[in-house]
Amino acid sequence: MFIILSFLGISINAQKNENLAKTPPMGWNSWNRFGCNINEQIIKEMADAMVSTGMKDAGYEYINIDDCWQGGRDSLGFIYPDPKRFPSGMKALADYVHSKGLKIGIYSDAGWKTCGGYPGSRGYEFQDALTYADWGIDYLKYDWCNTDNLLAEEAYKTMAAALVASGRPIVFSICEWGNNKPWLWGAKYGHLWRTTGDIVDCWDCELGHGSWVSNGILRILDMQMDKNLNLRQYAGPGHWNDPDMLEVGNRLTVNESRAHFSLWCMLAAPLIAGNDLRNMSNEIKEILTNKEMIAIDQDTLGVQCFRWFDYGDLQIFAKPLAGGELAVCFLNRSNVPKNINFDWKDTENIYDGKYVYEFNKTTFKLRDVWAKKFVGTTDKPFIATIPPRDVIVLRLTK
Ligand code: GLA
């Protein structure tokens, strides 16, 4: 880490904290479920629920406050939280979250106002970063509304430098929706970057908001698969593509939630839950805490999946894993069950850079990570039925 600050003709050689997010960050964020209806009680209860539901044990770590927490700036320019929603202040809230063995995240914006119209960090980057560090913040999501003619890379570089200068290890989540190709520069300054616009909790829909749209699960997935961009080449330990936060347990069915979660794990995506952890069904809790599925997301190789086969409604994704293992996800996009008869011996081998899978030479055991049982080997065709809008995920082990 190396910073040069010279106040006349400021030159900032921004680096980031290299010791963070070696695997995709895991946590919870208030936005998808609560929007602006947040307060310290909800955040505390979510921290409690993260522990009591077993999510902490499953690897979730960050409790992240999204937009609308801000009250204003004082006469010296220091940001303070809304005193009605957060009467005890952010330091007390951070202490509470830390006392549960968890970490806490906050939200700001590179522009002069956030997307919700609250004060942004433009012109206050170093002051805000110091304030966050003083409060004990561990994660910053940094949005891109009201940025006028700002240059994205420069804006994120400035906040990255401010976070480093704060002296506290703070994960930096770049949220500019893929507008300025953050995959080309984001790894220098941040630990994850949104590749696309906002997610919405439907399987395959688009929701208009006037000048912009949010997208359902399949649409976001398809954007990650853009052949021209080949986004997967940019992901790796410490720097992840972010297809946006999870909608598991919101307005999706259980099958859709399982598919969404599995696909995000295949994508080596950050796993930031966005549901009400205090009131989730057992089925949803089992999805969010499936340790075998999470292990695929958190695999130490940090390789994002590719789409191995595209048969329209049936698609097959493959993700190289450490130790020569492989995750394979069969996705049924349609509203009717799909039968699969997948002959490993007869299929294309995988040559993915240095990761080679030759099914005619090596036999793998097949572990079904949702059924949680072994279901044969690659010596025989894999025959199964995928329910509508659902997945089967296999881990191929030696
Ligand atoms: C943008 C972001 C969302 C959320 C809202 C808050 O739309 O992409 O994830 O943070 O702003 O206003």
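The residue count restarts for each chain, going from 1 along the sequence in the order it is written. For this predicted model, a pLDDT threshold of at least 70 governs which residues receive local features, and a threshold of 80 or more governs which side-chain atom pairs are given and counted, while totals over whole chains, interfaces and linings are taken from all residues. With hydrogens and water excluded, all non-hydrogen atoms of the structure serve as input to the side-chain values.

(A) Seen up close, the side chain of H260. With respect to the secondary-structure elements, H260 resides in helix α9 (residues 254-266). Throughout this description, buried means an accessible area under 20% of the type-specific maximum (1.4 Å probe, protein chains only), exposed means over 50%, and partly exposed covers the range between. According to the relative accessible area criterion, H260 is buried, its value standing at 0%. Here the side chain of H260 touches E247 through a polar contact of 2.9 Å, landing on its backbone nitrogen. We call two residues in contact whenever any of their non-hydrogen atoms come within 4.5 Å of each other. Setting aside chain neighbours within four positions, we find H260 in contact with I199, I217, M245, L246, E247, V248 and L252. The way it works is that DSSP assigns letters per residue, a run of H or I at least four long becomes a helix, a run of E at least two long becomes a strand, and they are numbered from the N terminus. Here a polar contact is taken to be a pair of N or O atoms separated by no more than 3.5 Å, where protein atoms must pair a possible hydrogen donor with a possible acceptor and residues adjacent in sequence count only if both atoms sit in side chains.

(B) Region of the structure containing the site of the ligand. Close to the ligand lie W31, D66, D67, Y107, C115, G116, K141, D143, C175, W177, R194 and D198, which account for all nearby residues. Between the ligand and W177 there is a distance of 3.0 Å, counted from an oxygen atom to a side-chain nitrogen or oxygen. At 2.5 Å from an oxygen atom of the ligand is found a side-chain nitrogen or oxygen belonging to D198. For every accessible area listed, the method is Shrake-Rupley and the probe measures 1.4 Å; residues are considered covered only by the protein chains on display. Considering the ligand on its own, with 300 Å² of exposed area, one finds that the protein chains cover 95% of that surface. Gly counts as polar in this scheme, as do all residues outside two lists: the nonpolar Ala, Val, Leu, Ile, Met, Phe, Trp, Tyr, Cys and Pro, and the charged Asp, Glu, Lys and Arg. When the residues that make up the shell around the ligand are grouped by side-chain class, the tally is five nonpolar, one polar and six charged. Any residue with a non-hydrogen atom lying within 4 Å of a molecule or strand is treated as near it.

(C) Summary view of the packing of helix α2 (residues 40-52) against helix α4 (residues 89-99). Throughout, an axis means a line fitted to C-alpha atoms (over the contacting stretch in the case of helices), and angles, computed between N-to-C directions, take values from 0 to 180 degrees. At a minimum axis separation of 10 Å, α2 and α4 run at an interaxial angle of 15°. It follows from the interaxial angle that α2 and α4 lie roughly parallel. Between α2 and α4 the crossing geometry is right-handed. Of the residues in α4, those touching α2 at E40, I43, K44, A47 and D48 are G89, L93, Y96 and V97. Tallied by class, the residues present in the contact of α2 with α4 amount to five nonpolar, one polar and three charged. If an angle is under 35 degrees, it is roughly parallel; if it is over 145, roughly antiparallel; if it lies from 65 to 115, roughly perpendicular; otherwise it is oblique. Two helices that cross are described as forming a left-handed crossing if the nearer one is turned anticlockwise from the farther one by less than a right angle, and a right-handed crossing if clockwise.

(D) Local environment of unusual backbone geometry. Although it is not a glycine, N146 adopts a positive phi angle of roughly 50°. Here N146 is to be found in the loop between β6 (139-143) and α6 (152-166). Since its relative accessible area comes to 32%, N146 is described here as partly exposed. The backbone of K372 sits at a positive phi, close to 55°, despite the residue not being glycine. For K372, the location among the structural elements is in the loop between β19 (365-368) and β20 (373-377). What makes K372 partly exposed here is its relative accessible area of 44%.

(E) The arrangement of the confidence of the model for the chain in detail. When pLDDT is averaged across the chain, the result is 96; 96% of the residues are at 70 or more. Within a predicted model, pLDDT stands for the predictor's per-residue confidence, ranging from 0 to 100. For the stretch residues 1-12, pLDDT sits under 50, and the model shows 19 contacts to residues farther than four places along the chain or on other chains.

(F) Region of interest: the nonpolar core. Within the largest apolar cluster, 87 residues are counted, with the highest numbers of intra-cluster contacts made by Y60, W69, F261, W264 and L288. Not counting chain neighbours up to four residues away, the residues in contact with F261 comprise Y60, L246, V248, L271, I287, L288, M293, I294 and W370. For our purposes a nonpolar core is just a set of buried Ala, Val, Leu, Ile, Met, Phe, Trp, Tyr and Cys residues, chained together by side-chain atoms within 4.5 Å. Core analysis: the next-biggest nonpolar cluster, separate from the first, contains 25 residues, F309, A318, V328 and L396 among them.

(G) Region of interest: the sheet that holds strand β7 (residues 171-174). If you walk across this open sheet you meet the eight strands as β11-β8-β7-β6-β5-β2-β1-β12, and the pairing is parallel. Two strands in the sheet have a free side with no partner beyond their single neighbour: β11 (240-242) and β12 (271-273). Across this sheet, the average inter-strand angle for adjacent strands is 25°, counted without regard to direction. Looking at chain direction, β7 and strand β8 (residues 192-194) are connected through two bridges and run parallel. Its bridge partner being in β8, S173 is matched across the sheet by L192. What makes two strands pair is DSSP finding at least two bridges between them.

(H) Quick peek at the state of the cysteines. Put simply, a disulfide is two cysteine sulfurs that come within 2.5 Å. According to the stated counting rule, one finds three disulfides in the structure shown. Between the sulfur atoms of C36 and its disulfide partner C68 the distance amounts to 1.9 Å. Taken together, the residues span a long stretch of sequence, with C36 in the loop between α1 (31-34) and α2 and C68 in the loop between β2 (62-64) and β3 (70-73) at a distance of 32 residues. Linked covalently through their sulfurs, C202 and C205 form a disulfide whose S-S length is 1.8 Å. On the sign convention where negative means left-handed, the S-S torsion of about -80° between C202 and C205 marks this disulfide as left-handed. Each disulfide in the chain links cysteines that, numbered along the sequence, combine into the pattern 1-2, 3-4, 5-6. Free of any disulfide, C175 has its nearest neighbouring cysteine sulfur in C115, separated by 6.9 Å. Of the residues examined, C175 reaches a relative accessible area of 2% and is grouped as buried.

(I) Representation of the sheet that holds β20 within the structure. Here six strands make up an open sheet; going across it, the order is β13-β14-β15-β22-β19-β20 and the pairing antiparallel. Strands at the two margins of the open sheet, each flanked by one partner only, are β13 (306-311) and β20. The mean inter-strand angle of the sheet, taken between neighbouring strand axes irrespective of direction, is 25°. With seven bridges joining them, strand β14 (residues 314-320) and strand β15 (residues 326-332) adopt antiparallel strand pairing. When the sheet's bridge partners are listed, L314 is paired in β15 with N332. Its contacts with the sheet place α9 against β14, β15 and β22 (390-397), and it is angled at close to 40° to β22.

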